[in-house]
Amino acid sequence: MRLTPWRGNGPIMDNPPYIGRSVARPSAKRLLSGRGRYVTDVELPRMLHAAFARCPYAHARIVSIDTALARTMAGVRLIATGEELARICTPWIGTLDHFKGMKSPPQLPLPIDKAVWSGQAVVAVVADSRAEAEDAVEAVMIEFDELPAVVTADAARILDDNICFHTKLDTGDVDAIFATAAHVVSEEFRFGRHTPVTLEPRAIVADYDPSEQRLTVHHSTQTPYQFQDLYSRHYGIPEARVRVIAPDVGGSFGMKLHVYHEDMAVVGLSILLGRPVKFVADRTESFVSDIHARDHLVRARLALDAAGTILAMDVDDVTAIGAFSAYPRTSAVEGSQVIRLIGAPYRVRDYRAELTAVFQNKVQMSQYRAVGHPIACAVTERLVDLAAASVGLDPFEMRARNLIADDAYPCTSATGYRFEALSHQACLARLKQMMDYDRLRAEQATLRTQGIHRGIGIASFVEITNPSPAFYGVGGARISAQDGAVVMVTPAGDVRCLISVTEQGQGTETIIGQIVADQLGVTHDQVTIITGDTDTTPYGGATWACRGAGIGGETALQASRKLKRNVLDVAAAITQAQADDLDLRNGWIVDAATGRQRVALSEVARIAYFRSDTLPPGTQAQLTVAHHYAPEGYPFAFTNGIQGCHVELDAETGLVRILRLWVVEDCGRIINPLLVDEQIRGGVVQGLGAAFFEECHYSETGQLTNGSLAEYLVPMACEMPDIEISHIETPTRDTELGAKGCGEAGTAAASAAALNAVNDAMAPLGGRIARIPMTPARLLVAMGRV
Amino acid sequence: MIINVTVNGQAVRRAVEPRLTLVDFLRQELRLTGTHTGCEMGACGACLVLQDDRPVHACLMFAVQADGAVIETIEGLTERAVIADLQTAFHDRNALQCGFCTAGMLVTAYGLLAQYGVPSRAEIRDALSGNYCRCTGYEAIVDAIDTVARQRADHG
Amino acid sequence: MKARAFDYARPGSVTEALAAFAANPEASYIAGGQSLVPALALRLQAPSLLIDIAHIATLRGVDVAAGWLRIGALTTHAEMLTNPLIALHAPLLREAAPHVAHPAIRNKGTIGGSVALADPASEFPAMMLATGAEIEIANARGTRRVPADAFFLGLYQTAMALGELLVAVHIPIVRAGHRCAFDELTRRRGDYPIVGAGILAEFDNDVVIDARIAFLSVGATPVRAKQAEAVLVGGKLDNAAIAQAQTALDDDLDPADDEQLPAAVRLHLARVLLGRLLGRIMA
């Protein structure tokens, strides 16, 4: 499906030099040279270091805290407990109004009465060095009174008053349909609890200057604007005197969007001391404090008729979160998306789902890459495969019969999602061709006779991108759904753009630069993009839910067009031509019709900045513009795709070799194919990590038992496959740019495709699994080998 | 105690606490922040540097152990231009995103390509087995190292 | 994760090292440090003094004499991979070496450190059993050699007394009739394995005249599968013998139950691994 002209202004450009091109990232060069500047690198004068004494129990009353000995230790400058910080910081509650009935206990930076998860920070120690702070932490004596802890979903569910959020979707006729359906398939799914494991841990330097009552926070975060607002409100500092800077960020994937107790505490510690305070979570702390995600128990069933048409789906999702809902984005979004995304690629008119989010005495849970999509996709695609088997259909054929037709748009899902235009069938056909599916099946059959068990699995998916204010704003959260850009031509005729979307390595700055360069007719290396500082960039939504390209890109596009208009106005005055007859190409103002160069952009800039006396009277050159863009139209720009996974199962050991993975992705107009493909690859590997390796293990007493990189298994190079990617481009007409997001697509379906592949491999051996990660032990048990 | 270390070709003399790790010494004392810490227990590879031209974990050494040693970091490798082809290949192939693992990846690649022959893709992945990356999914990194290995072999 | 404070000493000889320890019993020796440093960072251990033995020349070197391959304690895992004497005379160690952790760890970690720590999930302690090695230990009164079978006593417990220093391991060099195989089952390359094993068998024509089978990750120490060995010795190595050896493992191994890996699963995997390794050395 090729690009089609837009409504309104016609095509973006004829043969844009940069949009659609694989341009290497200018900002990667310094990262390659060891010149990255991460918060972990930040050093300020008189800076101190924080460490925390943590509660070892999952649930405990804080009886007493004795810091006398700790205070005497070398280098110790401050020790603070919950009470001290509660005096200067207001509590927060992680609920949103549009989640009706949602509740969560208020949180303070450090607790006063009790600790509610093992690892919760209870006392803060600030010292000249991190080592000295840790020494003093060992000398802090806290008396705890251990309380009963809730550590399983089942235990959590049956407790009175332990429900964070509950909701139901019901189109009405589901029971009747299931009662009479020709086939019903059902399954109980368990998804391992994850932690993001960003390579750069959480890092923050809070710098409160009492002489100006000004707070500057260097924060490894995706969203400096959100934190500017939060620090201002909770610490009572006027927003105008709070600055948050997000420099290079060493990985986030959603983890660094959320409020963490220690991070909030560090701001307070700096206020108390009037000196910069730095906190870098070490890896041990990261495991017991970074948000967790994906802890779901889903019981689901699917009804189909004798011909294999899906009739209805019925879902019960219990998600066991932490002891409170995360702030400000809640711990309910993941489950909410799970129940709304199940079945989304298919023509399913009748649907019922129930979501219950229950509290547990564990680490808090919240948005992590692909929020809810991996679970929804695995549930859907596994049931579809089971359904296919029940009627004797090949998995591709089953999907060909049931995926929404490519000409059926716009349409609305049974869960209320509105789809503008997707390409499920085209992606399905493309995948089958890419995989050389028929040959793989034939090869599988041959190898089975030799005792080699290969499996093929596929998974269709949709992905939420470009979220509107309906996502958070309507719930009362001060999380911006719009973005702003300031674009200017510099005296030398280069371009600077300050914009409110942010960079964590996915290439946000690069694609913004490509868009700006195209609109203003300059080379990419002439464009400087500045992000991540609330003092210098416009206020905006920053980067999450795949909004950078679609919303940020559109902001940059519209801003650049405004600037172009201003440049052409000045050029028209200089050349005595009509602005409408002019264009910007290759650093020159040219006759649009003939391409004849009229005046260099650098010359226009020189005149505007230094020789305004030579311009016609009344000409006020405006070579800087500010522009904001808020998404309108569809509440989300859905993308779609499909993944295929090929595995070889060692039936004797339960070990699985991932042979290859294929992705067909439709993310609308692609600005930089290189960056898009690498986002997909990274996302796929996270999904494969989920499928085979990652899981937080908790003991009966609520201790995280595998909280180290040796025991929480993140995917490493040897076990990961090469990944083949192909694209179909169905742009959105909601924007000029037509771009949608792509950052989470890889993760959305990889674990589902792998789950189907392993089940396919096991089928002749009588095994079946609906639990990830698919460990060797679980597979051996499933196959009855042990 | 006083230690004398050669870092990036320069003699460095400092007083350090014995418990100061080599990575903290490099990052905090010498402000060579190109080397990173991701786990402080040798599991992630973010802290790799060269000791006597061989990759080692700087988090698994104390600076005092490096007294008398020859250490090179990503900054030194860059200044000597000995990994320029790797850096170019990584850049062209987008074999980095957030960049936090990148110095460690380059040090590992340097060590691998110092060995004789052109490694297979499987051998490249094997050499990277101790380098954690969360962003790229590894394939682009393998591609970049593979490209350079072949280029170097072609040019002799 | 910063270690507690300690002092540091760098002796130039074994005698000096021993004396430093004797003067400070809460010391710890450090060689490669690849296992010790994380323990210090996590504050699981807190010696008051680190005695750095990495520069003691007599602890280095690999040589052959009188049927024994002497490998100095400071020989790194990387050198185990590249040293031609090891490849020639102790091929089982050469085969195990690539499985040890990751390349950068191998550049620093030493065989002396690995054997002295006696982590039951490590490759080289088990291979000391499989090769019938002798471990040379020094104390103030001199040195002694302890057969591997008598060296590993319990979890991280060896026949070494506090303050003694492992100076070398001695491996009987292989003869023409020897065949060996090593492998481990891991979730990811370089991880501590789910289960691992090494076999060194000596053949006279088709008949197995000696077999040493050692497992790692099956208990508190590396374990020799003596019942399985006994089944093989004196007969031909064929599929029937392999099956018998696998069955005998039930009597050799008694792995603990682990929440993520039940004992029955580990035992099953040990059987599978044994079968595959024996299959490899079968003619």
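As the structure is a prediction and not an experimental result, all values here were calculated from the model.

Draft legend 1. Molecular detail of the overall build of chain B. Secondary structure assignment for chain B yields 6 helices and 5 strands. Taken over the C-alpha trace, chain B has a radius of gyration of 15 Å; the compact-globule value for 156 residues is 15 Å, and the two agree within 12%. Across the 156 residues of chain B, 69% fall into the buried class. Restricting the contact set of chain B to residue pairs at least 6 apart, pairs at least 24 apart contribute 56%. If you sum the accessible surface of chain B, you get close to 5,100 Å²; carbon and sulfur atoms cover 48% of it. The centroid of the 13 positive side-chain charges in chain B is displaced by 3 Å from the centroid of its 18 negative side-chain charges.

Draft legend 2. Representation of the interface of chain B and chain C. Each partner contributes to the interface: chain B provides 27 residues, whereas chain C provides 30 residues. A combined buried area of about 2,200 Å² lies between chain B and chain C, and 57% of that area is made up of carbon and sulfur atoms. If you sort the residues of chain B by the area they bury against chain C, Arg19, Leu60 and Gln65 of chain B come out on top, with a joint share of 27%. For the pair chain B and chain C, the interface holds 3 salt bridges. Here glutamate 40 of chain B and lysine 2 of chain C are joined by a salt bridge, their closest N and O atoms 2.7 Å apart. The interface formed by chain B and chain C includes 13 residue pairs in polar contact (both at pLDDT 80 or more). Every element with two or more residues in the side of chain B that touches chain C is listed here: β3 (48-51), β4 (54-57) and α5 (121-127) of chain B. The element that contributes the greatest number of residues to the side of chain B that touches chain C is β4 of chain B, accounting for 4 residues. Grouping the constituent residues of the side of chain B that touches chain C by class yields 14 nonpolar, 6 polar and 7 charged.

Draft legend 3. The interface of chain A and chain B, seen in detail. With 55 residues of chain A at the interface, the matching set in chain B holds 47 residues. Remark: the boundary between chain A and chain B carries 8 salt bridges. Two residues, arginine 121 of chain B and aspartate 722 of chain A, come together in a salt bridge whose shortest N-O distance is 3.1 Å. For the interface between chain A and chain B, the tally reads 29 residue pairs in polar contact (both at pLDDT 80 or more). Contributions of two or more residues to the side of chain A that touches chain B are made by α1 (28-32), α4 (130-139) and α18 (673-692) of chain A. Considering only residue class, the side of chain A that touches chain B consists of 27 nonpolar, 14 polar and 14 charged.

Rules used in this analysis
Residues numbered from 1 in each chain as written. Chains lettered and ligands numbered in written order. Predicted model: local features only at pLDDT ≥ 70, side-chain atom pairs only at ≥ 80, totals over all residues. Heavy atoms only, no water. Helix = DSSP H or I, 4+ residues; strand = E, 2+ residues; numbered from the N terminus. Rg over C-alpha atoms; globule rule 2.2 N^0.38 Å. Buried < 20%, exposed > 50% of the residue type's maximum accessible area, 1.4 Å probe, protein only. Contact = heavy atoms within 4.5 Å. Areas by Shrake-Rupley, 256 points an atom, 1.4 Å probe, with all protein chains shown as cover. Lys, Arg positive; Asp, Glu negative; His and termini not counted. Charge placed at Lys NZ, Arg CZ, Asp CG, Glu CD. Buried area = accessible area lost by both parts, 1.4 Å probe. Salt bridge = Lys/Arg side-chain N within 4 Å of Asp/Glu carboxyl O. Polar contact = N/O pair within 3.5 Å; in protein donor to acceptor, adjacent residues only side chain to side chain. Nonpolar A, V, L, I, M, F, W, Y, C, P; charged D, E, K, R; others polar.

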